[in-house]
Amino acid sequence: MKGCYVAKSPLAASRELDGEVFIMSSVNSTLFTLNDVASLIWKSADGATSLQEIVENKICAEFEVEPSTAFADAEYLVAELVGHGVLLVADHPIEPPSLFARKKS
Amino acid sequence: MHRSRGATDQSTSDPFEGIGFLVYQPIPFIDQMFAVAHLPHSFLERTHQMPNVALLAEVHTVMVEIGGTPIRLYGESACFLSMARDRYIGFLNPGSRPRIDLRVDVVSRPNADQEDLRVVREGGLWSAERGDFRLDWDPGSSSGRLQLELNAYSLDTALRIMHTIVLAEQWGFLLHAASVVRGRRAFLFFGPSGSGKTTVSRVAPPDVTLLTDEISYVRRDADHHMAYGTPFTGELAKSGENISAHIAALYQLVKAPANRLVPMNAADAARALLGNVLFFAEDPHLVTLIFQSVCDLVCQLPVYRLEFVPDQTIWDLIQ
């Protein structure tokens, strides 16, 4: 999963309240709240930045952690959020849904 | 977990304690509370009230206006229309232009096989069904058909479903909460069944006007969040007044040995409120709108945890 790209699903709504990130799955109304590190991954999930870059340039830069540990945790988070349909993952950059829709039309 | 003071200053970075997240399994968007068996009394056992004289000429039509959204019910069953007039006596407005036209047919067990409530949008058409009713509604033509048993609570449920859908598009929602007006401002008291909504309403002083003891109607109008009266009653079995007011504050009800008011931050308030929002439809767009509406509300209005002794002293804290 190191070279994979992650992006927020259009089926997820998110808000930051008091520094806490809330994500609502619009498919089944499941609510997620993220801690600081998970929030950093969520905010960085722009479809253009690889998970490896996020871990190395964001998480390891801000927190005292070994890259291998951070990456293992990040993989777990991504797998969970992908499983709930609020995060998208691909082995190539992911275009934002709105841009994709515009191109098609 | 503490964030470092600067990403470039490695000496100040904080220990990594893992990537954490909490999952709140589907926010209930309560629907089970509307099972007929949970409702306080049968409409048909109620004494008939004096009908609105203006409505006598419109035997086959009833215009029910809740939250400023008129829904016209029409059909051939005089019994049903009489029941509807009685049930929504404070919320009838025959002069309104209907937002939705609903033909009503009284049938026996229209959906015998559908025990659980199901609300879906397919091909632009809404349908809602449960054992005791079936609702089909086309938002495009603002018209629909309701088949139900001759039961006021089936009608209540169908109307609530329609209002949740209409409200979502208007930055509003129904909340499992009692609400009142005091000094021209609205106060909402939310919590699950048994949390004290009816108690708070029952012990309210004379200067308090009840909007509802069970289902609050919330909508953002221009720059303000408003609460509207509803006829949807809880144990108090008393319809709210058909008035509205700016919301001043919301309170999460928690029974305790002493009265205490604890301000909630926006994150805690959102978590608490989302668990009490009523929404029935499996519709990603509307779920997103309601989520954003609740987040907006907690950013703009004070929300408190209200620990209270179930007596009238609670009202000393509500000003």
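Treat the numbers as computed from the prediction; the structure is a model and nothing was measured.

1. Some details on the overall build of chain B
Moving on, step 1. Helix and strand counts for chain B come out as 5 helices and 18 strands.
Moving on, step 2. Counting only residues that meet the buried cut, chain B has 43% of its 319 residues in that class.
Moving on, step 3. The contacts of chain B with a sequence gap of at least 6 include a subset with a gap of at least 24, amounting to 66%.

2. Some thoughts on the domain arrangement of chain B
Residue and element names in this part refer to chain B.
Moving on, step 1. Here chain B is partitioned into domain 1 (32-168) and domain 2 (172-317).
Moving on, step 2. Spacing between the C-alpha centres of domain 1 and domain 2 amounts to 24 Å.
Moving on, step 3. Between domain 1 and domain 2, the contact holds 22 residues from the first and 25 residues from the second.
Moving on, step 4. Looking at the side of domain 1 that touches domain 2, the elements with two or more residues in it are strand E6 (118-122) and helix H2 (152-168).
Moving on, step 5. Per-element accounting of the side of domain 1 that touches domain 2 gives the leading share, 8 residues, to H2.
Moving on, step 6. Taken together, the residues of the side of domain 1 that touches domain 2 break down into 13 nonpolar, 5 polar and 4 charged.

3. Things to note about the sheet that holds strand E5 (residues 100-106) of chain B
Residues and elements named next belong to chain B.
Moving on, step 1. The mixed open sheet is built from 7 strands, whose spatial order is E3-E4-E5-E9-E8-E7-E6. Each end of this open sheet is capped by a strand with a single partner; those strands are strand E3 (61-66) and E6. For this sheet, the mean inter-axis angle between neighbouring strands, taken without regard to orientation, is 20°.
Moving on, step 2. Pairing of E6 with strand E7 (residues 125-130), which is carried by 5 bridges, proceeds in the antiparallel orientation.

4. A short note on the nonpolar core
Moving on, step 1. Ranked by size, the top nonpolar core spans 116 residues in total, and within it Ile59(A), Val64(B), Ala158(B), Leu188(B), Ile290(B) and Val294(B) carry the most contacts.
Moving on, step 2. Composition of this core by domain shows at least three residues from each of domain 1 (32-168) and domain 2 (172-317) of chain B.
Moving on, step 3. Contacts of Val294(B), omitting those with residues within four sequence positions, involve Ala270(B), Leu273(B), Leu274(B) and Val277(B).

5. Side note on helix H5 (residues 284-300) of chain B
Moving on, step 1. Between its first and last C-alpha, H5(B) extends 25 Å over 17 residues, near the 24 Å set by a 1.5 Å rise per residue.
Moving on, step 2. Here H5(B) has its buried residues at Leu286(B), Val287(B), Leu289(B), Ile290(B), Phe291(B), Ser293(B), Val294(B), Cys295(B), Leu297(B) and Val298(B).

6. Focus: the confidence of the model for chain A
Residues and elements named next belong to chain A.
Moving on, step 1. Mean pLDDT over chain A works out to 88, with 91% of the residues at or above the 70 mark.
Moving on, step 2. Looking at the elements of chain A, mean pLDDT is at its lowest for helix H4 (residues 97-104), recorded as 46, and at its highest for strand E1 (residues 5-8), recorded as 96.
Moving on, step 3. Every residue in residues 98-105 scores below 50 in pLDDT, and together they form 1 contact with partners more than four places removed in sequence or on other chains.

7. Topic: the sheet that holds E1(A)
Within a sheet, adjacent strands bond to each other through the backbone by hydrogen bonds, running parallel or antiparallel.
All names here are of chain A.
Moving on, step 1. An order of E5-E1-E7 is seen for the 3 strands of this open sheet, with the pairing classed as antiparallel. Looking at which strands have only one partner, the edges of the open sheet turn out to be strand E5 (46-50) and strand E7 (87-90). Across the sheet, the mean angle separating the axes of adjacent strands is 25° when strand polarity is ignored.
Moving on, step 2. Where E1 lies against E7, 4 bridges are found, and the strand directions are antiparallel. Looking at E7, one finds that Ala 7 is bridged to Leu 88.

8. Here's the deal with the confidence of the model for chain B
Residue and element names in this part refer to chain B.
Moving on, step 1. Looking at chain B as a whole, its pLDDT mean stands at 84, while 82% of the residues score no less than 70.
Moving on, step 2. Mean pLDDT across the secondary structure elements of chain B bottoms out at strand E1 (residues 14-15), with 58, and peaks at strand E11 (residues 185-190), with 98.
Moving on, step 3. Low pLDDT, under 50, characterises residues 1-12; the predicted model gives this stretch 18 contacts beyond four residues in sequence or across chains.
Moving on, step 4. Counting contacts from residues 30-59, a segment whose pLDDT is below 50, to residues more than four positions away or on other chains yields 32 contacts.
Moving on, step 5. Reported confidence for the predicted complex is 0.85 by ipTM and 0.83 by pTM.

9. As for the packing of helix H4 (residues 266-274) of chain B against H5(B)
All names here are of chain B.
Moving on, step 1. Following both chains from N to C, one finds H4 and H5 inclined at 135°, their axes separated by 9 Å at the closest point. Here H4 lies oblique to H5, going by the angle between them. Seen along the crossing, H4 lies across H5 with a hand that is right-handed. When H4 is examined against H5, the residues Ala 266, Ala 269, Ala 270, Leu 273 and Leu 274 are found in contact with a partner set consisting of Val 294, Cys 295, Val 298 and Cys 299.
Moving on, step 2. Considering only residue class, the contact of H4 with H5 consists of 9 nonpolar, no polar and no charged.

10. Examining the environment of Arg130(B)
All names here are of chain B.
Moving on, step 1. Assignment of secondary structure puts Arg 130 in strand E7.
Moving on, step 2. Overall, Arg 130 belongs to the buried group, with 25 C-beta atoms counted inside 10 Å.
Moving on, step 3. Separated by 120 residues in sequence, Arg 130 and Leu 250 have C-alpha atoms that sit 32 Å apart.
Moving on, step 4. In contact with Arg 130, not counting residues within four places along its chain, are Asn 111, Gln 114 and Leu 117.

11. Quick word on the pairing of E5(B)
All names here are of chain B.
Moving on, step 1. Inspection of the sheet shows strand E4 (residues 69-75) paired to E5 by 5 bridges, in the parallel sense. For Ile 71, the partnering residue across the bridge sits in E5 and is Ile 100.
Moving on, step 2. Two strands pair when backbone bridges link them, and E5 and strand E9 (residues 143-148) are joined in this way by 6 bridges, in the parallel orientation. Within E9, the residue paired with Leu 102 across the bridge is Gly 144.

Quick notes on the rules
- Residue positions within a chain follow its written sequence, with the count starting from 1.
- Chains and ligands are labelled by the order in which they are written, letters from A for the one and numbers from 1 for the other.
- With the structure being a predicted model, the display of local features is reserved for residues of pLDDT at least 70 and the display and counting of side-chain atom pairs for 80 or more, all residues being used for whole-chain, interface and lining totals.
- The numbering of helices and of strands both runs from the N terminus, where a helix is a DSSP run of H or I of at least 4 residues and a strand a run of E of at least 2.
- Three exposure classes are used, all based on how many other C-beta atoms lie within 10 Å of a residue's own C-beta (placed from the backbone): buried at 20 or more, exposed at 12 or fewer, and partly exposed between those limits.
- Distance between backbone-placed C-beta atoms decides contact: two residues are in contact if it is within 7 Å.
- The domain limits used here are those given by an automatic or database domain assignment.
- Ten residues, namely Ala, Val, Leu, Ile, Met, Phe, Trp, Tyr, Cys and Pro, are considered nonpolar, four, namely Asp, Glu, Lys and Arg, are considered charged, and the remaining ones, Gly among them, are considered polar.
- Being paired, for any two strands, means DSSP has found at least two bridges between them.
- For helices, the axis comes from a line fit to the C-alpha atoms of the stretch in contact; other axes are also lines fit to C-alpha atoms, and the angle between any two N-to-C directions lies between 0 and 180 degrees.
- What makes a nonpolar core is a set of buried Ala, Val, Leu, Ile, Met, Phe, Trp, Tyr and Cys residues, with links drawn between C-beta atoms within 7 Å.
- Expected helix span is taken as 1.5 Å per residue step, with the number of steps being one fewer than the number of residues.
- Confidence scores here are pLDDT values: one per residue, from the predictor, ranging 0 to 100.
- Oblique is the label for every angle not falling under 35 degrees (roughly parallel), over 145 degrees (roughly antiparallel), or within 65 to 115 degrees (roughly perpendicular).
- For any pair of crossing helices, the crossing counts as left-handed if the nearer helix is rotated counterclockwise from the farther one by less than a right angle, and right-handed if it is rotated clockwise.

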